[in-house]
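Each chain is listed here by its residues.
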Amino acid sequence: MSVAKKDYKRITTKSLIEMKANGEKISMLTAYDFTMAKIVDTAGIDVILVGDSASNVMAGHETTLPITLDQMIYHASSVVRAIERALVVVDLPFGSYQSDPKEALRSAIRIMKESGGHAVKLEGGKEIKESIKKILNAGIPVMGHLGLTPQSIYKFGTYTVRAKEEEEADKLVADAQLLERLGCFALVLEKIPAHLAEKVAKSISIPVIGIGAGGGVDGQVLVIHDMLGMNNEFSPRFLRRYMDLYEGMTTAISQYVADVKSSDFPNEKEQY
């Protein structure tokens, strides 16, 4: 049974755990720049993810793999300067934590020191537990990420739903419980069957944030460009578009071009 919603002036990792305990769903969106982050934060979002999806939506890469640690720090710094309430979680990019726990710690420290972010997110379970332990031992909050892990796209070979088979589902549950034991404060589950995601959420005490993981988890995350309809080429089943900015923006820009060409802009009231 849920209790009255608490008014959080500033969201922390402790706030999210309280929200799960109180039955309050957690809202999370990506942002990569100051202006968008300001709007998202003002609208009341709980968590802003500075995702390595910036590699796709900001830089135009096919995958998340090319984005660098320096670029993630640049995006995260821009976001942190904008926010007043939201918790800012920053993705550790591909290659910055998988091979060496010491390198993982160095990467996480750079993000925290140079961007001012509040936590980091890593993809994977048992295979990266030493990196997670190293980061947590330094006092840096860690959010986990299981299911479809985009940094492993060339291993999987597809963006299809993960953990449909029993063996992979069992590993995912075990990894989620491991991440909780290690000390992660929350977990993202991406593109897995809804019944499995709900099972995971009920089996651990830390919040589970879903993307394409059904409604039985503790919160939801989407990429801001997708939910605002800025990207009209990406239409997975789990995406709900709340606006059609692609259409609105192209119409507005086309009108601007026409007005400039016809000398309609600027008019007498729009000049000094």
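This one's a predicted model, so the numbers in the text were calculated from it and none came from an experiment.

Each value, and the rule that gives it
Residues numbered from 1 in each chain as written. Predicted model: local features only at pLDDT ≥ 70, side-chain atom pairs only at ≥ 80, totals over all residues. Heavy atoms only, no water. Salt bridge = Lys/Arg side-chain N within 4 Å of Asp/Glu carboxyl O. Helix = DSSP H or I, 4+ residues; strand = E, 2+ residues; numbered from the N terminus. Buried < 20%, exposed > 50% of the residue type's maximum accessible area, 1.4 Å probe, protein only. 1 Å grid on protein atoms, 1.4 Å probe; cavity = no way out; pocket = protein on both sides within 12 Å on 5 of 7 lines; lining within 4 Å. Points joined across faces, edges and corners; volume = space filled by probe spheres on them. Nonpolar A, V, L, I, M, F, W, Y, C, P; charged D, E, K, R; others polar. Expected span 1.5 Å × (residues − 1). Contact = heavy atoms within 4.5 Å. UniProt positions renumbered as here; feature names shortened; annotations may be inferred.

A. Molecular detail of the pattern of salt bridges. Counted according to the given criterion, the structure contains 13 salt bridges. Arg110 serves as the salt-bridge partner of Asp70, at 2.7 Å between the closest nitrogen and oxygen. A residue pair is termed long-range when its members are at least 10 positions apart, and Asp70 in helix H4 (residues 69-80) and Arg110 in helix H5 (residues 101-115) qualify at 40 residues. On the basis of relative accessibility, which here comes to 47%, the residue Asp70 falls in the partly exposed class. The shortest N-O distance in the salt bridge between Arg162 and Glu168 comes to 3.0 Å. Overall, the relative accessible area of 13% leaves Arg162 in the buried class. Note on Glu168: relative accessible area 27%, which makes it partly exposed.

B. Region of interest: the layout of surface pockets. Estimated volume of the largest pocket: approximately 720 Å³. The wall of the largest pocket is formed by 29 residues, among which Ser53, Asn56, Val223, Asp226 and Phe234 lie closest to the centre. Mapped by element, the contributors of at least two residues to the lining of the largest pocket are strand S1 (26-30), helix H3 (54-57), strand S6 (186-190) and strand S8 (219-222). For the lining of the largest pocket, a count of residues per class yields 13 nonpolar, eight polar and eight charged.

C. A look at H4. For H4, spanning 12 residues, the distance from its first C-alpha to its last is 16 Å, which sits close to the expected 16 Å at 1.5 Å a residue. What H4 keeps buried is the set Leu69, Met72, Ile73, His75, Ala76, Ser77, Ser78, Val79 and Val80. Those residues of H4 hidden inside the fold are in contact with helix H2 (34-42), strand S2 (47-50), H3, strand S3 (87-91) and H5.

D. Broad picture of the UniProt feature "binding site: Mg(2+)" (unreviewed entry) in the protein chain. According to UniProt, the positions carrying the feature "binding site: Mg(2+)" (unreviewed entry) are Asp52, Asp91 and Glu123. The annotated residues occupy 72 residues of the chain but converge on a single region, no pair of C-alpha atoms lying more than 11.0 Å apart. Within the annotated group, the residues that form the lining of the largest pocket are Asp52 and Asp91. Beyond its immediate sequence surroundings of up to four residues, Asp52 is in contact with Thr64, Ile67, Met72, Asp91, Glu123 and Gln151. Here Glu123 lies in the loop between strand S4 (119-121) and helix H6 (129-137).

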